[in-house]
Amino acid sequence: LAHFEKSFELCSTAMLFTVAIVLLSSALIGLVAIAIAGYLTLGEHPRTQAILRWLYRWPLFIPFIVTAQVMRTFLAKNGMLNHVLIGGGLIDPLQAQSMLDWRGIVVAFVWKQAPFVTLLLAGAMAAIDRQHIEAARNLGAGRLRVLFEIVLPQARRTLMVGLVLSFVTMLSVLSVPMMINPNSPTMLTVDIAYRINSHGDYAVANALCLMSLALASVGAWFYLREAARKVERG
């Protein structure tokens, strides 16, 4: 128990920071997935749908360590994002700032995990009976209303499962916070690596790992509950 007490003393800020980053990233991933999957299901421009369907999946094949390196060059003060904003006249050169902090971690997580959740959600939406959608449209419902009142309620369990899996995945990632924001406060995985590599303090590192496991178990509980409900319905 002394190791747990020491873990709380040293890394309580990192724990809160980790929970905040992962919850914010999960919420944004859900919004992006709903927007893309909704357009793929209800959009009226086949060519745009085909291009979007081809583009959004690319981050699925990119490892987290490559994602972190890409974001380091994209979000730096002299990175591509600021060059585009300056070239477009949206900001002055003196207003350029680095986003290699908590914002960079969130952007990296959302960019990497949103395609995974979108792929699951789009499949669930495509499996919905089209007669429900056509009936709502015939009654005058717009696309947004059809999405949020007809389509999304029927696919919400798939969305939740995808977000839970992303939540657990983001808790375990080391490369993204290590390469984008290694300074305090940072995520729990960086503190675990620091306790091992710099201090050889395996006891406290193990205590931190158990705390991370406890956070992941919350997501696992939601996942298992939905799986049990699916079995009961089937």
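Now for a quick tour of the structure. Predicted, not measured: the structure shown is a model, and the values here were computed from it.

**Considering the nonpolar core**
Residues Ile105, Phe109, Leu121, Met125, Val151 and Val176 are the most contacted members of the largest nonpolar core, which totals 45 residues. Secondary structure elements with two or more residues in this core: α1 (2-42), α3 (64-74), α5 (102-126), α6 (130-138), α7 (143-171) and α8 (175-180). With 11 residues, α5 is the largest single contributor of residues to this core. The residues contacting methionine 125, other than those within four sequence positions of it, are Ala37, Gly38, Thr41, Leu147, Val151, Leu152 and Ala155.

**Quick word on the state of the cysteines**
Scanning all chains against the criterion turns up zero disulfides. Here cysteine 11 stays free of any disulfide, with the sulfur of cysteine 209 as its closest cysteine sulfur at 11 Å. Using a relative accessible area of 3% as the deciding quantity, one classes cysteine 11 as buried.

**Let's talk about the packing of aromatic side chains**
Applying the stated criterion across every chain yields a total of two aromatic pairs. Aromatic pair phenylalanine 64 and phenylalanine 109: ring centres 6.3 Å apart, planes at 80 degrees, arrangement edge-to-face. A residue pair is termed long-range when its members are at least 10 positions apart, and phenylalanine 64 in helix α3 and phenylalanine 109 in helix α5 qualify at 45 residues. The class for phenylalanine 64 is buried, based on a relative accessible area of 17%. Taking NZ or CZ as reference, lysine 112 lies 5.0 Å from the ring centre of phenylalanine 64, over its face.

**Brief notes about a nonpolar patch on the surface**
A cluster of nonpolar residues, Ile51, Trp54, Leu55, Trp58 and Phe61, forms a patch on the protein surface that exposes about 630 Å² of accessible area. Within the secondary structure layout, tryptophan 54 lies in helix α2 (residues 46-55).

**Here's the deal with the side chain of asparagine 181**
As for its placement among the helices and strands, asparagine 181 is situated in the loop between α8 and α9 (188-197). Looking at asparagine 181, its side chain comes within polar contact range of the main-chain oxygen of proline 185, at 3.3 Å. Once you skip the residues sitting within four places of it in the chain, asparagine 181 turns out to touch Phe17, Leu100, Asp101, Trp102, Ile105, Val176 and Thr186.

**Comments concerning the pattern of salt bridges**
Considering all chains together, one arrives at five salt bridges under this definition. Here arginine 145 makes a salt bridge to glutamate 149, at a shortest N to O gap of 3.1 Å. Separated by four residues within a single helix, arginine 145 and glutamate 149 lie in helix α7, roughly one turn from each other. Residue aspartate 201 is joined to arginine 195 by a salt bridge in which the shortest nitrogen-to-oxygen separation is 3.1 Å. According to the relative accessible area criterion, aspartate 201 is buried, its value standing at 14%. A residue is classified by how much of its surface remains accessible, and arginine 195, at 10% relative accessible area, is buried. If you follow the salt bridges from partner to partner, you end up with Lys6, Arg195 and Asp201 in one network.

**Section: α6**
You can read the cap of α6 off the contacts: a side-chain oxygen lies 3.0 Å from the backbone nitrogen of glutamine 131, and it is on aspartate 129. Phi turns positive one or two residues past the end of α6, at glycine 140, with a value near 95 degrees.

**Some words on α5**
Over its 25 residues, α5 extends 35 Å from the first C-alpha to the last, a length consistent with the 36 Å expected when each residue adds 1.5 Å. Largest kink in α5: about 35 degrees, centred on glutamine 113, with the proline proline 115 one to four residues after it.

**Re the packing of α9 against helix α10 (residues 202-233)**
Packing of α9 against α10 leaves a shortest axis separation of 8 Å and a crossing angle of 165 degrees. In terms of axis orientation, α9 runs roughly antiparallel to α10. Between α9 and α10 lies a crossing whose hand is left-handed. Along its contact with α9, which presents Leu188, Asp191, Ile192, Arg195 and Ile196, the element α10 presents Tyr202, Val204, Ala205, Leu208, Cys209 and Ser212. Looking at the contact of α9 with α10 residue by residue, the class counts come to eight nonpolar, one polar and two charged.

Criteria and cut-off values
- Residues numbered from 1 in each chain as written.
- Predicted model: local features only at pLDDT ≥ 70, side-chain atom pairs only at ≥ 80, totals over all residues.
- Heavy atoms only, no water.
- Core = buried A, V, L, I, M, F, W, Y, C linked by side-chain atoms within 4.5 Å.
- Buried < 20%, exposed > 50% of the residue type's maximum accessible area, 1.4 Å probe, protein only.
- Helix = DSSP H or I, 4+ residues; strand = E, 2+ residues; numbered from the N terminus.
- Contact = heavy atoms within 4.5 Å.
- Disulfide = S-S within 2.5 Å.
- Phe/Tyr/Trp six-rings, centres within 6.5 Å; stacked < 30°, edge-to-face > 60°.
- Lys NZ or Arg CZ within 6 Å of the ring centre and 35° of its normal.
- Patch = residues over 30% accessible without salt bridge, like charges linked within 9 Å, V, L, I, M, F, W, Y side chains within 5 Å.
- Areas by Shrake-Rupley, 256 points an atom, 1.4 Å probe, with all protein chains shown as cover.
- Salt bridge = Lys/Arg side-chain N within 4 Å of Asp/Glu carboxyl O.
- Polar contact = N/O pair within 3.5 Å; in protein donor to acceptor, adjacent residues only side chain to side chain.
- Expected span 1.5 Å × (residues − 1).
- Bend = angle between axes of the 7 residues up to and from the residue.
- Axes fitted to C-alpha atoms, helices over the stretch in contact; angles between N-to-C directions.
- Parallel < 35°, antiparallel > 145°, perpendicular 65-115°, else oblique.
- Left-handed = near helix turned anticlockwise from the far one by under 90°.
- Nonpolar A, V, L, I, M, F, W, Y, C, P; charged D, E, K, R; others polar.

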